[in-house]
Each structure stands twice: as structure tokens, then as C-alpha cells.
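Chains, contacts and geometry: an overview
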Amino acid sequence: DVPELLEKLEKFSQDIKYIVESKPHRANFIYDISEAGKVKESSIHEALIACAAEDLGIINGKLSRAKDAAYDFLDELSNKWDVKNALSKIPDNPKYKFKPSMFASDIIAELNLGENVLLDVSNLTKEDLSILGEIFKSKVSDIKTECCIVFVDRNKRLNWKLFGE
């Protein structure tokens, strides 16, 4: 549907403009090395989460885009950050069901690889967010590194850290 596509493109345009104009070092945030340096919907999303994390002061200094496809961003202390997106529902997929336990296990695996996680919870229902938070708290002993998870909600500017630093 053309009007819907135009609306989506307008939103992407506004997001890209915000990212590249908000602070000079963010201009490269939209390019994802794991996507051969291309700008995609996912790389714009990752960039928005990175901007929110910086703006909220929950990152050590400025972030830079990763030069290695294994993670998304690097902070000034060389900590690796991977952006993950938690979704309660996917508009184009009515059969999708968020599975908090499976999702939490995947995030813990990332942490155990030595990566910190910026977890976008902007698209979770309050119920799913609560369940996910409780699962993480109950699995703290499964975390074998000093890494942390940062929950970022771009809508409410909520953020909280679990584990690590």
C-alpha cells in the first residue's frame, strides 16, 4: 500500500536525520558492518537505541559503530555492545508469540560471549516486560561475565541496568 510505504519512508527519513544531525560522531551509526555497511531498517533501529543510551547517560562516554560483525557498538572503554529488540507482537505476523524464557536465554548467551546488551523494550507490553525482568533476575547466576543488560524504552525514556557494572 503506497500511503503506508510513504509514511514508513518519512519516518525513516526523520530518524536518519535525527541520528546524523544530533551529534557529529553519530553520523556513522546508521551503517551496519554485519550488513556489508548498508543502511537497513535494523541498522536505523540499532542507531536509535545507541543514541537513546548515550542521551540517557547509561554508556561509558560516546559509542562508535563496531568494525567487527560480532557486535554493534563499542564504548570509550572498549566495551562491546549488542542491540537487541524485544517485541510483544509483530504487526505483519499475527501468529508471532513473544517467548520471554527463550528470549532471555538468547540474551544470556550474548552476555556470556563478553558482550553487553542494549535491550530495546519499547515494543513490549507491561506484562511481557515484567515477566522478562523477573526471568533475568532469576537467572543472574547463569551470567558468567561482568557484562550487563541495559533496558531502554525509547517511548518513556525508561532505562535500568541488570547485572555487571
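Up top is the structure these notes are about.
All figures in this text were calculated on a predicted structure; none of them were measured in a lab.

Glancing now at helix α2 (residues 41-55). Between its terminal C-alpha atoms α2 stretches 21 Å, which fits the 21 Å expected from 15 residues at 1.5 Å a residue. Of all 15 residues making up α2, twelve are buried, and the element is well covered by its neighbours. Here the buried face of α2 lies against α1 (2-22), β1 (64-65), β2 (73-74), β3 (80-87), β4 (116-123) and β5 (149-153). Following α2 by one or two positions, Gly57 has its phi on the positive side, about 70 degrees.

Here the focus is unusual backbone geometry. Most peptide bonds take the trans form, and the phi angle of most residues other than glycine is negative. In this structure, Ala36 is a non-glycine residue whose phi angle is positive, near 60 degrees. Relative to the helices and strands, Ala36 is located in the loop between α1 and α2. The phi dihedral of Ser78 falls on the positive side, at around 65 degrees, and the residue is not glycine.

The next subject is a nonpolar patch on the surface. Taken together, Val2, Leu5, Leu6 and Leu9 make up a surface patch of nonpolar side chains, about 400 Å² in accessible area. Assignment of secondary structure puts Leu6 in helix α1.

Sheet faces and side chains relate simply in a regular strand, where the side chains alternate between the two faces. With respect to burial, β4 is a largely interior element, seven of its eight residues being buried. Relative to β4, β3 runs parallel, the two sharing six bridges. Counterpart to Lys84 in the pairing with β4 is Leu119. In this fold, the crossover linking β3 to β4 by way of helix α3 (residues 100-112) has right-handed handedness. Handedness of the β4-helix α4 (residues 126-138)-β5 crossover: right-handed.

Quick look at the nonpolar core now. Counting residues in hydrophobic clusters, the biggest one holds 22 residues, and the most contacted among them are Ile19, Phe29, Trp81 and Leu118. Of all elements in the fold, only α1, α2, β3 and β5 reach the threshold of two or more residues within this core. With eight residues, α2 is the largest single contributor of residues to this core. Ignoring anything within four residues of it in the chain, the contact list for Phe29 reads Ile19, Ser43, Ala47, Ala50, Cys51, Glu54, Leu63, Ser64, Arg65 and Phe73. Counting residues in each nonpolar core, the second largest holds 19 residues, with Ile107, Ile108, Leu119 and Leu129 among its members.

Criteria and cut-off values
- Residues numbered from 1 in each chain as written.
- Predicted model: local features only at pLDDT ≥ 70, side-chain atom pairs only at ≥ 80, totals over all residues.
- Heavy atoms only, no water.
- Helix = DSSP H or I, 4+ residues; strand = E, 2+ residues; numbered from the N terminus.
- Expected span 1.5 Å × (residues − 1).
- Buried < 20%, exposed > 50% of the residue type's maximum accessible area, 1.4 Å probe, protein only.
- Contact = heavy atoms within 4.5 Å.
- Patch = residues over 30% accessible without salt bridge, like charges linked within 9 Å, V, L, I, M, F, W, Y side chains within 5 Å.
- Areas by Shrake-Rupley, 256 points an atom, 1.4 Å probe, with all protein chains shown as cover.
- Salt bridge = Lys/Arg side-chain N within 4 Å of Asp/Glu carboxyl O.
- Pairing = 2+ DSSP bridges.
- Right-handed = clockwise from strand over helix to strand, strands pointing away.
- Core = buried A, V, L, I, M, F, W, Y, C linked by side-chain atoms within 4.5 Å.

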